[in-house]
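Commentary on secondary and tertiary structure
One letter stands for each residue in the lines below.
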Amino acid sequence: NQVRREIFFSLKSMPWMSIPTVALFFAEVRGYSRLYDDINTSPYGKCHFMTNVAGTHHAFHPIDGFLQSLPYHIYPFIFPLHKVTYLGLYIFVNIWTVSIHDGDYRVPKILESIINGSAHHTDHHLYFDYNFGQYFTLWDKIGGSYKNPSALEGNGPHDLCRKLEAKERQENGMDKKSN
């Protein structure tokens with residue numbers, strides 16, 4: 001019932017995270033921040049078009065979820081940022097946040113140790129001491145909190161479930177084809 005609980009907590013938390021977020025969002029787009037419409041009016045020019053942001057997921061306590069998104073909302077009050085970039089990054093962060101929780105561990109082999117994908121994030125939830133990075137593994141490696149994902153080693157939760165199911169079928173005298 002873990003999926004049902006996560007959906008329940010997401011639905012319960014999202015309105016409470018959204019209220020202060022929408023208030024900040026209105027302040028940002030109504031001219032109280034340093035968001036801008038035209039790239040040519042940016043104080044940093046066209047080379048400053050893309051910036052890094054912090055993200056959040058929705059199955060948090062509402063206060064925790066809001067506080068985790070706060071840097072994203074404070075940034076345009078301090079630094080100029082194009083509105084389209086701001087909205088694009090906001091959409092990207094939400095898609096990324098869903099993707100690292102979807103259980104699809106596919107990442108190009110060459111990027112497995114660089115991108116903090118779903119496999120890394122699954123171990124973050126399983127062990128709580130590893131893989132804190134939002135997008136990349138660099139700071140986890142520097143800080144000693146990097147763990148090679150158990151799913152990529154064949155010991156992830158899906159692997160363990162398959163092993164338990166196979167053991168149960170074997171104990172019940174069933175083979176894989178009869179399932």
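Placed above this text is the structure.
Residues take numbers from 1 onward in each chain, read along the sequence in its written order. Local features in a predicted model are, by the rule used here, given only for residues with pLDDT of at least 70; side-chain atom pairs are given and counted only at 80 or more, and totals for whole chains, interfaces and linings are based on all residues. Working from all heavy atoms in the structure, the side-chain values ignore hydrogens and water.

This paragraph deals with the pattern of salt bridges. The term salt bridge refers to a side-chain nitrogen of Lys or Arg lying within 4 Å of a carboxyl oxygen of Asp or Glu. Following the criterion strictly, the structure yields two salt bridges and no others. Here Glu 112 ties to Lys 109 by a salt bridge, and the two come within 3.5 Å at their closest N and O atoms. Residue exposure (1.4 Å probe, protein chains only): buried if accessible area is under 20% of the type maximum, exposed if over 50%, otherwise partly exposed. Looking at Glu 112, the relative accessible area reads 17%, which means it is buried. The exposure class assigned to Lys 109 is exposed, which follows from its relative accessible area of 67%.

The next thing to look at is the nonpolar core. Here, the term nonpolar core denotes a set of buried Ala, Val, Leu, Ile, Met, Phe, Trp, Tyr and Cys residues that are joined through side-chain atoms within 4.5 Å. Judged by nonpolar contacts, Leu 35, Tyr 72, Tyr 75, Leu 81, Tyr 86 and Leu 89 together constitute the single largest core of six residues. Segments assigned H or I by DSSP are reported as helices when at least four residues long, segments assigned E as strands when at least two residues long, and all are numbered from the N terminus. Of all the secondary-structure elements, those providing two or more residues to this core are helix H2 (62-78) and helix H3 (83-99). Grouped together as the second largest cluster of nonpolar side chains are five residues, Val 93, Ile 100, Ile 115 and Tyr 135 included.

Tracing the sequence through the fold places Ser 145 in the loop between helix H5 (138-143) and helix H6 (157-171). For Ser 145, a relative accessible area of 13% gives the class buried. For the pair Ser 145 and His 124, spaced 21 residues apart in the sequence, the C-alpha separation amounts to 9.7 Å. Should any heavy atoms of two residues lie within 4.5 Å, those residues are counted as being in contact. Once residues lying within four places of it in the same chain are set aside, the contact partners of Ser 145 are Asp 129, Tyr 130, Asn 131, Phe 132 and Asp 140.

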